[in-house]
Structure formats: C-alpha cells, structure tokens
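# Topology and contacts: notes
In case you want the letters, here they are:
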Amino acid sequence: MKKFKYILVAAMAAVTLFSCKKDDDKPAPVPVPTPEAPKTVAEAKTDDKEKTYTVRLQNTTGTFVMGYNDLMLSVVDAAGKEVDLEAATFTPWMNMFKGDGKGGFIKEVDFTHSCPHTPLAKEGNVWKSQALFQMKTGPSGVWFATITFKVAGKEYELKRLDFEVKPQPNKALGTVNRFKLFSGDKGQVHLYALVAPESPKAGENEIALGIWKMQNMQNFPQVTDWVVEVKVSEKGSTTAISTATLRYERGFYRGKVTYPKAGEYTLSYTLKDAQGKAIQPQDNDKKDISIATTIQF
C-alpha cells in the first residue's frame, strides 16, 4: 500500500512538473499598445444662435511646433458630447504684422499667408490633417484657423480659432528652410523640411523629406516629380559618410542613409528634375545656394 502511495505521489509530481514546463514554454502575450488620448491644442465656441458647439484642434502632445504636425478636429455640443460631422474643412492662416521701423513690430496686419496642409480626411470617427508650420508664433505674427463643419445637414463656420506654434524641440528633424527658383524676375519660393525619422539611431535609417512650392499665399502644393540626392557628413566636414537617392513615395522623398554613431550631421541635398537635369536653388538675390538640413541626436 505504501509503495502504491509513493508511485501515486511521484506520478502527480511528474504531471505537475510537466504542466508547469508546458506553461513556461508558452510565449508571453504581446501587450496591445493603448492609443494615446488626444490632447487639445486650442479650442473656441461657435456663435450660432440656435446651437453652440466647441471646436477643438488636437494631437497627441497638445502642442503645435514649427515643422510637420499631425492634427485632429473634434466638435462637441453644449453637453460635452462629441458630435458626428458629415463634412469639415480646416485652413490655417498666419497674420504677419507691420514693422515699426525700429526692428520691432506693431499690431497691425501687413499680410496673411497660409502653410502647407492636407484637407481634413475622416478616419473612423476622427477627422485628421497634417500641416507644416513654417514659422513660429512671435512678435512678427500669429496663427489662427478657419474651420467649417456640417452637423445634421446644417453648415457651421468658425472664422477664427487662434493657436500657438512653438519652436521645434526635436533636433533630429532640424528646421524648416526655404529656397527660390527663378524663371524670370520673380522667384518661386519653395519650403523643405525633414519629417522622419523623429528618433534616428546609429546605423541605417529611412529618411523622409518634404518639398512644397508656394504657389501663392494660400496654396502650397507638394513637389512630387523630382529626384533628390542626399549626402550625409559630420557637421563642419565635407567628407561624405553616407549617400542616397531619394524618390517620391508614400507622401515624401524617401531613401536610406547611415549614421555611424549618435552626433551632429548635415544632410546636403542636390535637386534634379525627372529627366535628370540639375535644379539650382537660389536666394532672394538670385545667387546660387546649397540647401541642407542639420540634425543632432
């Protein structure tokens, strides 16, 4: 009888050990990332007499910065409940103030311009856009948005929603820069900015460069039919560490470059048209210039 008990205990221990081993062999479940809750950058109320809505511009950080920004539009009713929008538009504007003749500015609007931005597009229940703010809010000018939306067949307009654009804190993206192309006396302003990666690493990185043409004060279409050759060098050096050819795909000029280590680098760009002919950037005085982005990580 005792012998039987020993055998039974040993068998139960073996089963327990085997079960534990099977459990240990199972891969741990992969945690599903929780989407970041949107944070409000700026908001304002409509002045409609029948219904009042609060219009909000949002993103994941609660801040707009000089450079490329994702943004979302949200509208809530008087009870704080989000409403379903049937249509919506978003147009950013910057009022530029007149100079005072002493190096400062007076609060009198000299002119108003927009910036590169995409039309609002509905993704699920969220209306999204992207905007490249080429200047920060400051003494020289302020940013605001004009917004329209439709609820239950009725259209509403918010003529002015003020918001602030702060300096770009991420040195890995550099700054928004510009150049001109001349086909006559009047030059065509172009903006360019590095939009990815936000967190480079030592080794190979896919970069994304955006180029926009300032057609007029309101329209900034993307340039999509060029080829961009990029040379990476350590800041202050002309020796190429890495080179790549960037071609337009998935919304930007993309290609892969290599950084040997964390540090400060200059990405120098050479522009060519679709036929391979060089495109020479110039300044306001029609002098040839080199264009580049300096980053640090």
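Below you will find a few notes about this structure. Bear in mind the structure is a predicted one, so any value in this text is a computation, not a measurement.

### A closer look at the nonpolar core
Core analysis: the biggest nonpolar cluster contains 31 residues, and Leu57, Leu73, Leu85, Ile147, Phe149 and Phe163 have the highest contact counts within it. Elements represented by at least two residues in this core include exactly β1 (39-45), β2 (54-59), β4 (67-76), β5 (87-99), β8 (126-133), β9 (141-151) and β10 (154-163). Dropping the residues within four chain positions of it, Phe149 is found in contact with Thr46, Tyr53, Val55, Val75, Leu85, Ala87, Ala88, Lys154, Glu155 and Tyr156. In terms of nonpolar packing, the next biggest core, distinct from the first, is built from 24 residues, Val228, Val257, Tyr259 and Ile291 among them.

### Topic: the packing of aromatic side chains
Each aromatic ring pair is described using two quantities: the centre-to-centre distance and the angle formed by the ring planes. Counting across every chain of the model gives 15 aromatic pairs. Here Trp143 and Phe163 contribute two aromatic rings whose centre-to-centre distance is 6.3 Å and whose plane-to-plane angle is 20 degrees, an arrangement assigned as stacked. You can see Trp143 sitting in strand β9 and its partner Phe163 sitting in strand β10, a full 20 residues away along the chain. In this structure Trp143 comes out as buried when scored by relative accessible area, which is 1%. Judged by relative accessible area, Phe163 falls into the buried class, the value being 6%. Between Tyr259 and Phe297, the aromatic rings sit 5.3 Å apart at their centres with planes inclined by 55 degrees, giving tilted as the arrangement. Pair noted here: Tyr259 is in strand β17 (residues 252-259) and Phe297 is in the segment after β20 (291-296), with a separation of 38 residues, a long-range link. Owing to a relative accessible area of 1%, Tyr259 belongs among the buried residues under this scheme. Members of the aromatic cluster, joined through ring pairs, are Phe64, Phe133, Trp143 and Phe163. Here the basic side chain of Arg160 rests over the ring of Phe144, its NZ or CZ set 4.1 Å away from the ring centre.

### Topic: the side chain of His113
Along the polypeptide, His113 turns up in strand β6 (residues 105-113). Setting aside anything within four residues of it in sequence, one finds His113 in contact with Pro92, Trp93, Met94, Met96, Gln134, Met135, Trp143 and Met217.

### Concerning the sheet that holds β9
Pairing in this open sheet of four strands is antiparallel, and the strands run β6-β5-β9-β10 from one edge to the other. Strands at the two margins of the open sheet, each flanked by one partner only, are β6 and β10. With strand direction ignored, the average angle separating the axes of adjacent strands in the sheet is 25 degrees. Across eight bridges, the pairing between β9 and β10 is antiparallel. Following the sheet pairing, Val151 is matched in β10 by Lys154.

### Section: empty space enclosed by the protein
Applying the stated criterion to the full structure yields one cavity of 30 Å³ or more. There is about 60 Å³ of room inside the largest cavity. When residues of the lining of the largest cavity are traced back to their parent elements, those giving at least two are β4 and β8. Ranked by residues supplied to the lining of the largest cavity, first place goes to β4 with three residues.

### Details of the pattern of salt bridges
Here the structure, examined in full by the defined rule, presents 12 salt bridges. Residue Lys235 is joined to Glu264 by a salt bridge in which the shortest nitrogen-to-oxygen separation is 3.2 Å. Placement of Lys235 in the loop between β15 (227-234) and β16 (242-249) and of Glu264 in strand β18 (residues 264-272) is noted, with a sequence separation of 29 residues between them. The shortest N-O distance in the salt bridge between Glu249 and Arg250 comes to 3.9 Å. Here the salt bridges share partners, and the residues they tie into one network are Glu206, Glu249, Arg250 and Arg254.

Here is what the cut-offs are and how they apply
- Residues numbered from 1 in each chain as written.
- Predicted model: local features only at pLDDT ≥ 70, side-chain atom pairs only at ≥ 80, totals over all residues.
- Heavy atoms only, no water.
- Core = buried A, V, L, I, M, F, W, Y, C linked by side-chain atoms within 4.5 Å.
- Buried < 20%, exposed > 50% of the residue type's maximum accessible area, 1.4 Å probe, protein only.
- Helix = DSSP H or I, 4+ residues; strand = E, 2+ residues; numbered from the N terminus.
- Contact = heavy atoms within 4.5 Å.
- Phe/Tyr/Trp six-rings, centres within 6.5 Å; stacked < 30°, edge-to-face > 60°.
- Lys NZ or Arg CZ within 6 Å of the ring centre and 35° of its normal.
- Pairing = 2+ DSSP bridges.
- Axes fitted to C-alpha atoms, helices over the stretch in contact; angles between N-to-C directions.
- 1 Å grid on protein atoms, 1.4 Å probe; cavity = no way out; pocket = protein on both sides within 12 Å on 5 of 7 lines; lining within 4 Å.
- Points joined across faces, edges and corners; volume = space filled by probe spheres on them.
- Salt bridge = Lys/Arg side-chain N within 4 Å of Asp/Glu carboxyl O.

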